[in-house]
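A structural walkthrough
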Amino acid sequence: METTNVIKLEDGKKGDIIKITSIQLEGVMRRRLLDLGFVKDALVEVVRKSPLGDPIAFRVSQTTIALRKEESSKIEGELVNDEK
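Sequence positions are assigned chain by chain, starting from 1 and proceeding in written order. Whole-chain, interface and lining totals are the exception, using all residues; otherwise, since this is a predicted model, local features are given only for residues with pLDDT of at least 70 and side-chain atom pairs are given and counted only at 80 or more. Remark: hydrogens and water are excluded; side-chain values derive from all non-hydrogen atoms of the structure.

What to know about the overall build of the protein chain
Helix numbers and strand numbers start at the N terminus; a helix is a DSSP run of H or I with at least 4 residues, a strand a run of E with at least 2. If you tally the helices and strands in the protein chain, you get 2 helices and 6 strands. N-terminal to C-terminal, the α/β element order of the protein chain is β-β-α-β-β-β-α-β. Here the globule rule reads 2.2 Å times residues to the power 0.38, and the radius of gyration is calculated from C-alpha atoms. Over its C-alpha atoms the protein chain spans a radius of gyration of 12 Å, differing by no more than 12% from the 12 Å that the globule rule assigns to 84 residues. Seen through its principal axes, the protein chain has C-alpha atoms that stretch 40 × 30 × 20 Å. Only protein chains enter the accessibility calculation, which uses a 1.4 Å probe; a residue whose area is less than 20% of its type maximum is buried, one above 50% is exposed, and one in between is partly exposed. Counting every position in the protein chain, which comprises 84 residues, the buried fraction comes to 36%.

Side note on the pairing of strand β5 (residues 63-67)
Across 5 bridges, the pairing between strand β4 (residues 56-60) and β5 is antiparallel. Note on β5: the bridge partner recorded for Phe-58 is Ile-65. Following DSSP output, two strands are said to pair if at least two bridges run between them. From the end of β4 to the start of β5, which pair antiparallel, there are 2 residues, and Ser-61 there has a positive phi angle of about 50°.

Points about the environment of Ile-75
Residue position: Ile-75 is located in strand β6 (residues 75-79). Note: C-alpha distance between Ile-75 and Ile-7 (68 residues apart in sequence) is 8.6 Å. Non-local contacts of Ile-75, meaning those with residues more than four positions away in its chain, are made with Ile-7, Lys-8, Leu-9, Ile-20, Ser-22, Ile-23, Leu-25, Leu-33, Phe-38 and Leu-67. Pairs of residues are marked as contacts when any of their non-hydrogen atoms sit within 4.5 Å.

Considerations on the pattern of salt bridges
Take a side-chain nitrogen of Lys or Arg and a carboxyl oxygen of Asp or Glu: if they are within 4 Å of each other, that pair is a salt bridge. Counted by the stated rule, this structure contains 4 salt bridges. A salt bridge links Arg-59 to Glu-45; the shortest N-O distance between them is 3.2 Å. Residue Arg-59 is found in strand β4, and its partner Glu-45 is found in strand β3 (residues 43-49); the two are separated by 14 residues along the sequence. Residue class for Glu-45 comes out partly exposed when judged on its relative accessible area of 28%. When the shortest N-O distance is used, the salt bridge between Glu-71 and Arg-68 registers 2.6 Å.

Focus on the sheet that holds β3
The 6 strands lie next to each other as β1-β6-β2-β3-β4-β5, forming an open sheet whose pairing is antiparallel. Either end of the sheet is taken by a strand with one partner, and the two such strands are β1 (6-8) and β5. Along the sheet, successive strands turn relative to each other by an average axial angle of 40°, direction set aside. Here 5 bridges tie strand β2 (residues 17-23) to β6, and the two strands are oriented antiparallel to one another. Residue pairing for β6: Ile-18 is matched across the bridge by Leu-79. Simply put, an axis is a line fit to the C-alpha atoms, just over the touching stretch for a helix, and the angle between two N-to-C directions goes from 0 to 180 degrees.

What is shown is where atoms sit, not what they do.
Structural data, given as structure tokens:
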């Protein structure tokens, strides 16, 4: 039986891959993130966290984007790392 690991993007660790399930942002920021590839079912990799945890760099659609905790805390997804 498969269990789902739902987490917020801000809680991901370096190297985690997260499949987006929901975006709780509105307005201009929501539109900007959708345009950059932060859409439902997109795979997002946590690339780097700054020493204080803000901002966090994510890779989505072959692009690396840094988001503040304010935005990354409002995007949820399932942890989908493959165990190798």
